[in-house]
Amino acid sequence: MSLRTGHVGLNVTDLDRSLPFYTGVFGLEVAQEGKDGDRRWAFLARDGALLITLWQQSAEGFAADRAGLHHLSFQAESIDEVRAREAVLRELGVEFAYDGVVPHGEGAASGGIFFHDPDGIRLEIFAATGAESANAPVTAAPTCGFF
């Protein structure tokens, strides 16, 4: 059997707030939207491929102290693409877990930016190379582990 990740479904508290965030930050397009009573949903895609589904069915934001999703990571082609997304996020006033691009660990070439969506869901955008000149903010564990 050959497996790969299909799409990721995220519960959100306010679809009207989450849609512009995910489409603007990640360059995704709304492939489909719908509702069932007061519950709404949206399918977000890029180049026709479904990547994220948003489900407005949560009363509260993300809770890092509960079992479930730890963080959602997206790989960019280059560190320049990561920095371009960083600029978009800064324009939106998003707070970062660390200041700018950081490596996944001390001396690692891979690295990126770590931040939260409007509901507090932990997100990462990284590149496989280009972060080796920055210092790792966490010395004893992977950078993506405890933000």
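These remarks concern the structure in this document. (Residues numbered from 1 in each chain as written. Predicted model: local features only at pLDDT ≥ 70, side-chain atom pairs only at ≥ 80, totals over all residues. Heavy atoms only, no water.)

**What to know about the side chain of E86**
Here's step 1: Among the secondary structure elements, E86 is positioned in helix α2 (residues 79-91).
Here's step 2: Classification of E86 by relative accessible area gives buried; the value is 11%. (Helix = DSSP H or I, 4+ residues; strand = E, 2+ residues; numbered from the N terminus. Buried < 20%, exposed > 50% of the residue type's maximum accessible area, 1.4 Å probe, protein only.)

**Here's the deal with α2**
Here's step 1: Relative to the 18 Å expected for 13 residues at 1.5 Å per residue, α2 spans 19 Å between its end C-alpha atoms, a close match to the ideal helical length.
Here's step 2: Against α1 (15-26), β7 (111-116) and β8 (122-127) lie the buried residues of α2.
Here's step 3: One or two residues past the end of α2 sits G93, with phi positive at roughly 80°. (Expected span 1.5 Å × (residues − 1). Contact = heavy atoms within 4.5 Å.)

**Observations concerning the pattern of salt bridges**
Here's step 1: For the structure on display, the rule yields 6 salt bridges.
Here's step 2: Between R17 and D119 there is a salt bridge, and its shortest N-O distance comes to 2.7 Å. With R17 in helix α1 and D119 in the loop between β7 and β8, the pair connects residues that are 102 residues apart, well separated along the chain.
Here's step 3: Judged by relative accessible area, which is 36%, R17 ranks as partly exposed.
Here's step 4: Of the charged contacts in the structure, one is a salt bridge between D99 and R90, with a shortest N-O distance of 3.4 Å. (Salt bridge = Lys/Arg side-chain N within 4 Å of Asp/Glu carboxyl O.)

**Overview of α1**
Here's step 1: With 12 residues, α1 extends 16 Å from end C-alpha to end C-alpha; this agrees with the ideal 16 Å at 1.5 Å per step.
Here's step 2: Restricting attention to buried positions, one finds in α1 the residues L15, S18, L19, F21, Y22, V25 and F26.
Here's step 3: Sitting at the head of α1, D14 places a side-chain oxygen 3.0 Å from the backbone nitrogen of D16.
Here's step 4: Residue G27 follows α1 closely and has a positive phi angle near 65°. (Polar contact = N/O pair within 3.5 Å; in protein donor to acceptor, adjacent residues only side chain to side chain.)

**Regarding the packing of α1 against α2**
Here's step 1: Closest axis-to-axis distance for the α1/α2 pair is 9 Å, and the angle between their directions is 145°. Side by side, α1 and α2 meet where F21, G24 and V25 of the first sit next to R85, V88 and L89 of the second. (Axes fitted to C-alpha atoms, helices over the stretch in contact; angles between N-to-C directions.)

Geometric values such as these leave the question of function open.
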